[in-house]
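Working through the structure, step by step
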Amino acid sequence: MSLLELRGVSKTYGEGGLAVPALRGVSLTVEEGELLSIMGPSGSGKSTLMNILGCLDRPTSGTYLIEGRDVSTLTDNELAEIRNRKIGFVFQTFNLLPRATALENVELPLIYRGLPPAERRRMAREALEVVGVGHRLHHRPTQLSGGEQQRVAIARAIAGNPRLLLADEPTGNLDTRTGEEIMGLFQRINAELGVTVVQVTHDPYRGRQTRRIVRVRDGEIVGDGPVPEAEFVSVEAGTTQPAGTTQVLALGAAGRGEAGARP
Amino acid sequence: MLGVIIGVGAVITLVSVGTGASREVTSQIEALGSNLVIVMPANARGRDLRTTDAESIAERVEGILHAVPVTRRSLSVVWTGRSRDTDVYGTTEALPVVQSHPVAAGRFLTGEDIRFFREVAVLGAKVKDELFGVRDPLGQQVYIAGHPFTVVGVMAKKGEGGLFTPDPDDRVIIPITTAQRLFRTKRVSSIYISVAKDYNPDLAVSHIRRIMELRFNDPGAVQVFSQQQIIAAVGSVTGILTILLGSIAGISLLVGGIGIMNIMLVSVTERTREIGIRKAVGAKSRDILAQFLVESVIISVTGGAIGILLGALGSAAISRFGNVPSVISAGWVLVAFGFAAAVGVFFGIYPAMKAARLDPIQALRHD
């Protein structure tokens, strides 16, 4: 059973003569543990595809299965539940709550899951350590650099142990060096935590930092294939990481495996 | 929030001053004596009452303990150069019983004082303080309208007079016979009647009214009313006042509520992106609804609490500087608080629903 499966998914905005098709009969399968990019020029329908994959929107026709369950006909509340438990979002503009601290931002999805305060604080703190901002728990977004903000956003996305991490141009607002760090983080999360990562990008270089590229144009998939091993850019061993971060990452990842065993 | 503060503050101030005033009036009237019935000449075409009317009421109506005629003038009372303008009451020996106002020192008037036109006086507590201070007034001579009177007693202190009744401590009491000769009149200002405990005062009122009608051959000649009727009349007046002022306060609460709705609508617009983020991470519509509803209730309840505080201060200030007593009732505080919360829910529901209905994709794009 695949993690995600789109079967002939179409999305049309507007009605009658004003109808604008955004997706036309898209079929796509994503297996558990994949690291892939959706690429395409603006207006190609990649954002619509992203919204449907993220359960923010429903297809006009076709079916969408998550772990074999059809979610294309669920109610708003049921979709909210799936977003909360199965999916983590990372946005180009970070989208952190400006008045909340890093810790409070990461706790947000866990609040809506109904977890008790002590447990969600523990999970949020662990997630922040995994992404390397465990030392910034009580800072507000304005007190953090762009890279740190995006790390907090990633922590928010993975705090609830989702199956799927959806990232919409995650490096678009960051300088090259910081973008590199963030891509390294995605590769790490994918490899070490086994979370499926799907990013939308228009940058071919960022695409080659994932294992598979799906190309979208005019609402249709025009290309889908693995990135050849020779072209794949791994940033795991990159030197752009600050020295201490790797250690924090390793600690955090270990902690998630056996909670409570950490010093 | 200001509207709610003003509204709740006004409710608390007005109601507490209102209740205080009406309670004060009621207690003053009750202090006049239990089971009291008063007979007075009607205003316009009133006939004069005489001492004999009091006597005939006492004889002919069942259940009457005392019928005390009173004739009243405002005069100066003088003692060794000190003088005070006060009410001079000409009356009989039963006044302390009828008005439940006992003597503190010396004695009250006796039947003999009245029969022999004696020139004796009993001072109210305030008059005694004013003229004699700490000195003993008993046996001293005071001058009323140039005539010497011997002080034989001092009345007990009864407390301040109010808005509607004369001060019971600011008067001098002399025999009615002496008073009528001094004032050169046979008239009686009013007759105070006490009804026995197991008799219905209202029944006595209608009996007395019948007797007076026969006596004057005119149904409108005199006014007869019992203490309960006075209390009821005062109560209905203050009740109307309370309703009137309360509705003004209600209007300002309404305005405050609309203000809160406005604030919340602005807040929903400003925080559209936040709502989008919350929905993206799994908030359901009802979570967003609850969040905004709670916020508007917090605003209105905070306003309400400040209003209660200000209202308490305001009524304390009014009772201190306006010399009107005020009573803050826990019931009204609860009502005002509940009302503020209800305003928050009622005027918060529309903005909150607007927030809850937002589409997450649109909301995330908003900036």
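Just so you know, these numbers come straight off a predicted model, no measurement behind them. (Residues numbered from 1 in each chain as written. Chains lettered and ligands numbered in written order. Predicted model: local features only at pLDDT ≥ 70, side-chain atom pairs only at ≥ 80, totals over all residues. Heavy atoms only, no water.)

A few points about the sheet that holds strand E10 (residues 220-226) of chain A
All names here are of chain A. Using the following cut-off: At least two DSSP bridges between two strands are needed for those strands to be called paired. Each helix corresponds to a stretch of at least 4 residues labelled H or I by DSSP, and each strand to a stretch of at least 2 residues labelled E; elements are numbered beginning at the N terminus. Helix axes use the C-alpha atoms of the stretch in contact, all axes being lines fitted to C-alpha atoms, and the angles between their N-to-C directions lie in the range 0 to 180 degrees. The contact definition used throughout considers only heavy atoms, calling two residues in contact when any of these lie within 4.5 Å.
A sheet is described by the order of its strands in space; here 6 strands give the open sequence E6-E7-E8-E3-E9-E10, paired in mixed fashion. Here the strands that pair on one side only, and so sit at the sheet edges, are strand E6 (87-90) and E10. For this sheet, the mean inter-axis angle between neighbouring strands, taken without regard to orientation, is 15°. Across the sheet, helix H6 (residues 176-193) touches strand E3 (35-39), E6, strand E7 (164-168) and strand E8 (196-201), and the angle it forms with E8 is around 155°.

A word on the sheet that holds strand E4 (residues 61-66) of chain A
All names here are of chain A. The sheet built from 4 strands is open, its strands ordered E2-E1-E4-E5 with antiparallel pairing. Unpaired on one side and paired on the other, strand E2 (20-30) and strand E5 (69-70) mark the two borders of the sheet. As paired strands, strand E1 (residues 4-13) and E4 are joined by 5 bridges and run antiparallel to one another. Of the residues in E4, the one forming a bridge with Ser-10 is Ser-61. Across the sheet, helix H1 (residues 46-53) touches E1, E2 and E4, and the angle it forms with E1 is around 125°.

A closer look at the pattern of salt bridges
So the rule is basically this: Salt bridge criterion: a side-chain nitrogen from Lys or Arg within 4 Å of a carboxyl oxygen from Asp or Glu. Note on classification: 1.4 Å probe, protein chains only; a residue is buried when its accessible area is under 20% of the maximum for its type, exposed when over 50%, partly exposed between these limits.
Summed over the entire model, instances satisfying the criterion amount to 30 salt bridges over all chains. Note that Glu34(A) is salt-bridged to Arg212(A), the shortest N-O span being 2.9 Å. Of this pair, Glu34(A) sits in the loop between E2 and E3 while Arg212(A) sits in strand E9 (residues 212-217), and the two are 178 residues apart along the sequence. The burial state of Glu34(A) is the same as that of Arg212(A); both residues are buried. A salt bridge links Arg118(B) to Glu112(B); its shortest N-O distance comes to 3.7 Å. Given the relative accessible area of 32%, Arg118(B) is considered partly exposed. With a relative accessible area of 41%, Glu112(B) lands in the partly exposed category. In the salt-bridge network here, residues are joined through shared partners; they are Arg99(A), Arg271(B), Glu274(B), Arg278(B) and Glu295(B).

Points about helix H11 (residues 330-356) of chain B
Heads up, the rule is: Helices are assigned an expected span. That span is 1.5 Å times one less than the residue count.
When the terminal C-alpha atoms of H11(B) are compared, their 37 Å separation across 27 residues agrees well with the 39 Å that a helix rising 1.5 Å per residue should span. What H11(B) keeps buried is the set Ala336(B), Ala340(B), Val343(B), Gly344(B), Phe347(B), Gly348(B), Pro351(B), Ala352(B), Ala355(B) and Ala356(B).

Let's talk about the confidence of the model for chain A
The following threshold applies: pLDDT is defined as a per-residue confidence score from the predictor, taking values between 0 and 100.
Averaged over all residues, the pLDDT of chain A equals 87, while 89% of them reach at least 70. Here residues 237-263 of chain A scores under 50 on pLDDT; set against residues more than four positions off or in separate chains, the count is 33 contacts.

Here's the deal with the layout of surface pockets
Inclusion rule: As defined here, a cavity is a set of points on a 1 Å grid over the protein atoms alone where a 1.4 Å probe fits but cannot get out. A pocket is an open set with protein on both sides within 12 Å along at least five of seven lines, and residues line them when an atom is within 4 Å of a point. Grid points are joined across faces, edges and corners, and a volume is the space filled by probe spheres set on the points. For this classification, Asp, Glu, Lys and Arg are treated as charged, while Ala, Val, Leu, Ile, Met, Phe, Trp, Tyr, Cys and Pro are nonpolar and the rest, including Gly, are polar.
For the second largest pocket, the calculated volume is near 400 Å³. If you go around the second largest pocket, you meet 18 residues; those closest to its centre are Asn51(A), Phe91(A), Asp168(A), Leu364(B) and Arg365(B). The set of elements that each furnish at least two residues to the lining of the second largest pocket consists of H1, E6 and E7 of chain A together with helix H12 (360-365) of chain B. A per-class count over the lining of the second largest pocket returns 8 nonpolar, 5 polar and 5 charged.

A short note on the packing of aromatic side chains
Here is the rule we go by: Each Phe, Tyr or Trp ring (for Trp, its six-membered ring) is paired with any other whose centre lies within 6.5 Å, and the angle between the two planes then decides the class: stacked below 30 degrees, edge-to-face above 60, tilted in between. Sitting over a ring, as applied to charges here, requires NZ of Lys or CZ of Arg to be within 6 Å of the ring centre and within 35 degrees of the ring normal.
What the rule picks out here adds up to 3 aromatic pairs over all chains. Ring centres of Phe89(A) and Phe91(A) lie 5.9 Å apart, and the angle between their planes is 10°; on these two criteria the pair is classed as stacked. A relative accessible area of 6% means that Phe89(A) is categorised as buried. On the basis of relative accessible area, Phe91(A) is assigned to the buried category, the value being 11%. When the centroid spacing of 5.1 Å and the interplanar angle of 85° are considered together, the rings of Phe346(B) and Phe347(B) count as edge-to-face. Its end group placed over the ring of Tyr89(B), Arg171(B) keeps NZ or CZ at 4.7 Å from the ring centre. Arg215(B) extends its terminal NZ or CZ atom over the ring of Phe216(B), reaching a point 4.7 Å from the ring centre.

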